[in-house]
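Geometric and topological summary
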Amino acid sequence: IMTTVAQVLQNKDNSVYTIAPNASVRSAIKLMAEKNIGALVVTNEDQKVVGIISERDYTHKIELQGRSSLTTNVDQIMTRNVITVTTGMEINQCLKIMTDGHLRHLPVVENERLLAMVAIGDLVKAAMEDQRILIEQLQHYISG
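Residues numbered from 1 in each chain as written. Predicted model: local features only at pLDDT ≥ 70, side-chain atom pairs only at ≥ 80, totals over all residues. Heavy atoms only, no water.

1. A word on the packing of helix α5 (residues 91–101) against helix α6 (residues 120–143)
Our working rule: To get an axis, a line is fitted to the C-alpha atoms, and for a helix only the part in contact is used. The angle between two axes follows their N-to-C directions and goes from 0 to 180 degrees. Helix and strand labels come from DSSP, where a helix needs a run of H or I of at least four residues and a strand needs a run of E of at least two; each type is numbered from the N terminus. An angle below 35 degrees is read as roughly parallel, one above 145 as roughly antiparallel, one from 65 to 115 as roughly perpendicular, and any other as oblique. Two helices crossing with the near one rotated counterclockwise from the far one by less than a right angle form a left-handed crossing, whereas a clockwise rotation gives a right-handed crossing. For this analysis, residues touch if any pair of their heavy atoms sits within 4.5 Å.
The N-to-C vectors of α5 and α6 enclose an angle of 135 degrees; their axes lie 10 Å apart at closest approach. Of the possible angle classes, the one that applies to α5 and α6 is oblique. Along this stretch, α5 crosses α6, giving a crossing that reads as left-handed. For the pair α5 and α6, the contacting residues are Ile 91, Cys 94, Leu 95 and Met 98 in the first and Ile 120, Leu 123, Val 124, Ala 126, Ala 127 and Asp 130 in the second.

2. A few points about the pairing of strand β5 (residues 113–119)
Which entries qualify depends on this criterion: In this description, strands pair whenever DSSP reports at least two bridges between them.
With six bridges joining them, strand β4 (residues 105–110) and β5 adopt antiparallel strand pairing. For Val 109, the partnering residue across the bridge sits in β5 and is Leu 114. Here β4 hands over to β5 after two residues, with Asn 111 in that stretch at a positive phi of 50 degrees.

3. Side note on unusual backbone geometry
A positive phi angle, close to 65 degrees, is found at Gln 47, a residue other than glycine. Tracing the chain through its elements places Gln 47 in the loop between β2 (39–43) and β3 (49–54). One non-glycine residue, His 102, lies in positive phi territory at about 55 degrees. Structurally, the position occupied by His 102 is in the loop between α5 and β4.

4. Focus on the side chain of Asp 130
Definition in use: Three exposure classes are used, based on accessible area relative to the maximum for each residue type with a 1.4 Å probe and protein chains only: buried under 20%, partly exposed in between, and exposed over 50%. Positive charge is attributed to Lys and Arg, negative charge to Asp and Glu, and no charge count is given to His or to the chain ends. Criterion for a salt bridge: a side-chain nitrogen of Lys or Arg within 4 Å of a carboxyl oxygen of Asp or Glu. What qualifies as a polar contact is a pair of N or O atoms within 3.5 Å, subject to a donor-acceptor requirement within protein and to the restriction that residues adjacent in sequence count only when both atoms come from side chains.
One can find Asp 130 in helix α6. Arg 132 is the oppositely charged side chain nearest to the buried, salt-bridge-free Asp 130, at an N-O distance of 8.8 Å. Only 2.5 Å separates the side chain of Asp 130 from the side chain of Thr 3, close enough to count as a polar contact.

5. Concerning a nonpolar patch on the surface
Put simply, the rule reads: Nonpolar side chains (Val, Leu, Ile, Met, Phe, Trp, Tyr) within 5 Å and like charges within 9 Å form the patches, drawn only from residues with over 30% relative accessible area and no salt bridge. Areas reported as accessible are Shrake-Rupley estimates using a 1.4 Å probe. Residue values count occlusion only from the protein chains shown.
There is a patch of nonpolar side chains on the surface, built from Leu 134, Leu 138, Tyr 141 and Ile 142 and spanning about 500 Å² of accessible area. Tracing the backbone shows Ile 142 in helix α6.

6. Observations concerning the sheet that holds β2
Here three strands make up an open sheet; going across it, the order is β1-β2-β3 and the pairing mixed. Because the sheet does not close on itself, it has two edges, and the strands there are β1 (18–19) and β3. On top of the sheet, helix α2 (residues 25–35) reaches β1, β2 and β3; it is set at about 130 degrees to β2, its chief contact.

7. Quick word on the environment of Thr 72
With respect to the element layout, Thr 72 can be found in the loop between α3 (55–63) and α4 (74–77). Residue classification places Thr 72 among the buried positions, given a relative accessible area of 5%. In the structure, Thr 72 is positioned 10 residues away from Ile 62 in sequence and 8.2 Å away in space, judged by C-alpha atoms. In this structure Thr 72 touches Ala 23, Ser 24, Val 25, Ile 62, Arg 67 and Ile 77, once residues within four positions along its chain are discounted. At a separation of 2.7 Å, a polar atom in the side chain of Thr 72 contacts the main-chain carbonyl oxygen of Ser 68.

Here's what the structure looks like:
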């Protein structure tokens, strides 16, 4: 048994928050704070994913470089090469992508459409549940 992204999405609120590339970084930070989330997907007028902006982008590229969050636009500090996943992917694949890339969030995209966002916590929780079920099955098998 291996849980897929689709199964993880069934059990969570799939509100995915986006922001325009020309929005101010301050408005992005404000939205993240209001929604208590760590990243926003940056989408263009056609709702295509063009980037991702995270709290880490803010701390590294605004705060540490002495820029102003009022005069800097999202597209000036966002990560452009966005790694995305699909609903059919298994969570262990996603966790490997996150670990290798030092990522905490992965946008879920199907047919170039943004569906949701999965956070590392969502995937770790699902992986732990998979392991719990596997252990139960093995204990049942062993005890006959």
